[in-house]
Amino acid sequence: QVQLVESGGGLVQAGGSLRLSCAASGRTFSRSGMGWFRQAPGKEREFVAAINWSGGRTYYADSVKGRFTISRDNAKNTVYLQMNSLKPEDTAVYYCAATGGPSSNYYSHVSYDYWGQGTQVTVSS
């Protein structure tokens, strides 16, 4: 079992930066792949970024590649999403998610067994 709590969201101007954190509790965190998804009003939840259990592999949506960086610190049971050069279209609720074990497809929400409550990110133009 893994419990996830996101933090770090807020209001920022276009071009600015934010760093989201996701604190995990539970013994399986270090064996879980971790992902960030987002959902804007009226839109479906979409994949943003993911990282495998060791941190050795990362995955990004094309829309954030080169601007966002996902990382994890297994000693602190925390995963991060550094977001730079933010755009108004990045406005959404951002969710942290964890897999129950190894995954072959980090891009799909169905691969994740645990979800946080979400944190709002608003980018003003």
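Below: a short report on this structure. Since this is a predicted model, take the numbers as computed values, not measurements.

## With respect to the overall build of the protein
Looking only at helices and strands, one finds zero helices and eleven strands in the protein. Overall, the protein shows an N-to-C arrangement of helices and strands of β-β-β-β-β-β-β-β-β-β-β. On C-alpha atoms alone, the protein measures out to a radius of gyration of 13 Å, which is about the 14 Å that the 2.2 N^0.38 rule sets for 125 residues. When its C-alpha atoms are laid out on the principal axes, the protein stretches across 40 × 25 × 25 Å. Within the protein, buried positions represent 47% of all 125 residues. Long-range pairs, those at least 24 residues apart, make up 58% of the contacts in the protein between residues at least 6 apart in sequence. With the model as given, the accessible surface of the protein reaches about 6300 Å², and the carbon-plus-sulfur share is 46%.

## Some remarks on the pairing of strand 3 (residues 18-25)
Bridge count for strand 1 (residues 3-7) against strand 3 is five bridges, and the pairing is antiparallel. Bridging from a neighbouring strand, Gln-3 pairs with Ser-25 of strand 3.

## A word on the layout of surface pockets
Taken as a whole, the largest pocket holds about 170 Å³ of empty space. For the largest pocket, the lining is made up of 13 residues, of which Arg-38, Lys-43, Glu-46, Glu-89 and Asp-90 are closest to its centre. Residues belonging to the lining of the largest pocket are distributed by class as follows: two nonpolar, three polar and eight charged.

## Digging into the packing of aromatic side chains
Considering all chains together, one arrives at seven aromatic pairs under this definition. Above the face of the Tyr-95 ring, Arg-45 is positioned so that its terminal group lies 4.0 Å from the ring centre.

## Concerning the side chain of Glu-6
Here Glu-6 is to be found in strand 1. Buried and unpaired, Glu-6 has no salt bridge, with Arg-45 as the nearest side chain of opposite charge at 7.7 Å. From its side chain, Glu-6 meets the backbone nitrogen of Cys-96 in a polar contact 2.8 Å long. Side-chain polar atoms of Glu-6 contact the backbone nitrogen of Gly-118, separated by 2.9 Å. If near-sequence neighbours (up to four positions away) are discounted, Glu-6 is found in contact with Ser-21, Cys-22, Trp-36, Tyr-94, Tyr-95, Cys-96, Gly-116, Gln-117, Gly-118 and Thr-119.

## Side note on the environment of Thr-28
Secondary-structure assignment places Thr-28 in the loop between strand 3 and strand 4 (34-39). C-alpha separation for the pair Thr-28 and Gln-13, spaced 15 residues apart in sequence, amounts to 37 Å. The contacts of Thr-28, once residues within four sequence positions are left out, are Gln-1 and Val-2.

## A closer look at the environment of Gly-101
The residue Gly-101 is located in the loop between strand 9 (92-98) and strand 10 (114-115) in this model. Along the chain, Gly-101 and Gly-26 lie 75 residues apart, while their C-alpha atoms are 13 Å from each other. Once residues lying within four places of it in the same chain are set aside, the contact partners of Gly-101 are Arg-31 and Gly-33.

## Some points on unusual backbone geometry
At Asn-77, a residue that is not glycine, the phi angle is positive and equals roughly 55 degrees. Positionally, Asn-77 belongs in the loop between strand 7 (68-73) and strand 8 (78-83). Asn-77 gets classed as partly exposed once you look at its relative accessible area, which sits at 24%. Despite not being glycine, Ser-85 shows a phi value in the positive range, around 50 degrees. With respect to the helices, strands and loops of the structure, Ser-85 is situated in the loop between strand 8 and strand 9.

Reading the values: rules and limits
- Residues numbered from 1 in each chain as written.
- Predicted model: local features only at pLDDT ≥ 70, side-chain atom pairs only at ≥ 80, totals over all residues.
- Heavy atoms only, no water.
- Helix = DSSP H or I, 4+ residues; strand = E, 2+ residues; numbered from the N terminus.
- Rg over C-alpha atoms; globule rule 2.2 N^0.38 Å.
- Buried < 20%, exposed > 50% of the residue type's maximum accessible area, 1.4 Å probe, protein only.
- Contact = heavy atoms within 4.5 Å.
- Areas by Shrake-Rupley, 256 points an atom, 1.4 Å probe, with all protein chains shown as cover.
- Pairing = 2+ DSSP bridges.
- 1 Å grid on protein atoms, 1.4 Å probe; cavity = no way out; pocket = protein on both sides within 12 Å on 5 of 7 lines; lining within 4 Å.
- Points joined across faces, edges and corners; volume = space filled by probe spheres on them.
- Nonpolar A, V, L, I, M, F, W, Y, C, P; charged D, E, K, R; others polar.
- Phe/Tyr/Trp six-rings, centres within 6.5 Å; stacked < 30°, edge-to-face > 60°.
- Lys NZ or Arg CZ within 6 Å of the ring centre and 35° of its normal.
- Lys, Arg positive; Asp, Glu negative; His and termini not counted.
- Salt bridge = Lys/Arg side-chain N within 4 Å of Asp/Glu carboxyl O.
- Polar contact = N/O pair within 3.5 Å; in protein donor to acceptor, adjacent residues only side chain to side chain.

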